[in-house]
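Tertiary structure, described
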Amino acid sequence: MMISTKGRYALRLILALAQEGGGKPLSIREISKRQEISEKYSEQIILQLSRAGLVTGLRGAQGGYTLSRPAEQITAGEVLRAAEGSIAPVECAEIGCDHSEGCMTYGLWRRIKEAVDSVVDSTTVADLLADAGPHGR
């Protein structure tokens, strides 16, 4: 299982907003510049994060985006699922299938999914900032 560029960039965009602290809105231009991601791609990702309720857009000259909740209350799992959809290693681990009951590999896929979910759902944006230290990007 690999997280796509979209998922990785979504985490970077959320972290850029969290680094701002104080809730000062950041424009797409500023976020894109800081993260070295194209504005167009950043807009697409921010829209998904907004639909998921993770960021809030503010209009006007001083507008931009802020986190909808404190960084301590947003998990990496929420961000990744907003960008990626499911992060299960295979579809049946998420929704099951007609063969799940007799499938010899189903247990493996479920354990992988549960392990990944455990890590991303217990890691907050604040944790990621702390792990990056003062010079993280």
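Above this text sits the structure in question.
Presented here is an overview of the structure given in this document. (Residues numbered from 1 in each chain as written. Predicted model: local features only at pLDDT ≥ 70, side-chain atom pairs only at ≥ 80, totals over all residues. Heavy atoms only, no water.)

1. A closer look at the packing of helix α1 (residues 5-19) against helix α2 (residues 28-35)
Here α1 crosses α2 at 110°, and the two axes come no closer than 10 Å. Regarding the angle of α1 to α2, the classification is roughly perpendicular. The handedness of the crossing between α1 and α2 is right-handed. Where α1 abuts α2, its residues R12, L13, A16 and L17 lie against I31, R34 and Q35. Across the contact of α1 with α2, the residue classes break down as 4 nonpolar, 1 polar and 2 charged. (Axes fitted to C-alpha atoms, helices over the stretch in contact; angles between N-to-C directions. Helix = DSSP H or I, 4+ residues; strand = E, 2+ residues; numbered from the N terminus. Parallel < 35°, antiparallel > 145°, perpendicular 65-115°, else oblique. Left-handed = near helix turned anticlockwise from the far one by under 90°. Contact = heavy atoms within 4.5 Å. Nonpolar A, V, L, I, M, F, W, Y, C, P; charged D, E, K, R; others polar.)

2. A closer look at the environment of T105
Position of T105 relative to the elements: it lies in the loop between α5 (91-95) and α6 (106-122). Classification of T105 by relative accessible area gives partly exposed; the value is 37%. Counting along the chain gives 32 residues from T105 to Q73, while the straight-line C-alpha distance between them is 35 Å. (Buried < 20%, exposed > 50% of the residue type's maximum accessible area, 1.4 Å probe, protein only.)

3. Brief notes about the packing of aromatic side chains
According to the stated counting rule, one finds 1 aromatic pair in the structure shown. Ring geometry for Y9 versus Y41: centroids 5.7 Å apart, planes at 70°, classification edge-to-face. With Y9 in helix α1 and Y41 in helix α3 (residues 39-51), this residue pair connects regions lying 32 residues apart in the sequence. Take Y41: its relative accessible area is 23%, and that puts it in the partly exposed class. (Phe/Tyr/Trp six-rings, centres within 6.5 Å; stacked < 30°, edge-to-face > 60°.)

4. Comments concerning the pairing of strand β2 (residues 64-67)
Examined bridge by bridge, strand β1 (residues 55-58) and β2 share 4 bridges and lie antiparallel to one another. When the sheet's bridge partners are listed, G57 is paired in β2 with Y65. Hairpin remark: β1 followed by β2, antiparallel, with 5 residues in the connecting loop; positive phi at G60, about 105°. (Pairing = 2+ DSSP bridges.)

5. Remarks on the side chain of T124
Tracing the backbone through its elements, the reader meets T124 in the loop between α6 and α7 (125-132). Dropping the residues within four chain positions of it, T124 is found in contact with A71, E72, I74 and T75.

6. Quick word on α2
Inspection of α2 places I28, I31, S32 and Q35 among the buried residues, and these make up the whole buried set. On an axial view of α2, the arc spanned by its buried residues comes to 95°, and they lie on one face. What points out from α2, more than 90 degrees from its buried face, is the exposed set R29 and K33. In the core, the buried residues of α2 are packed alongside α1, α3 and β2. Positioned one or two residues after α2, E36 has a phi angle of 55°, which is positive. (Arc of directions from axis to C-beta.)

7. Notes on the pattern of salt bridges
When their charged atoms lie close together, side chains carrying opposite charge are able to pair. Evaluated as defined, the whole model comprises 7 salt bridges. One salt-bridge network, in which partners are shared between bridges, spans R81, K113, D117 and D121. (Salt bridge = Lys/Arg side-chain N within 4 Å of Asp/Glu carboxyl O.)

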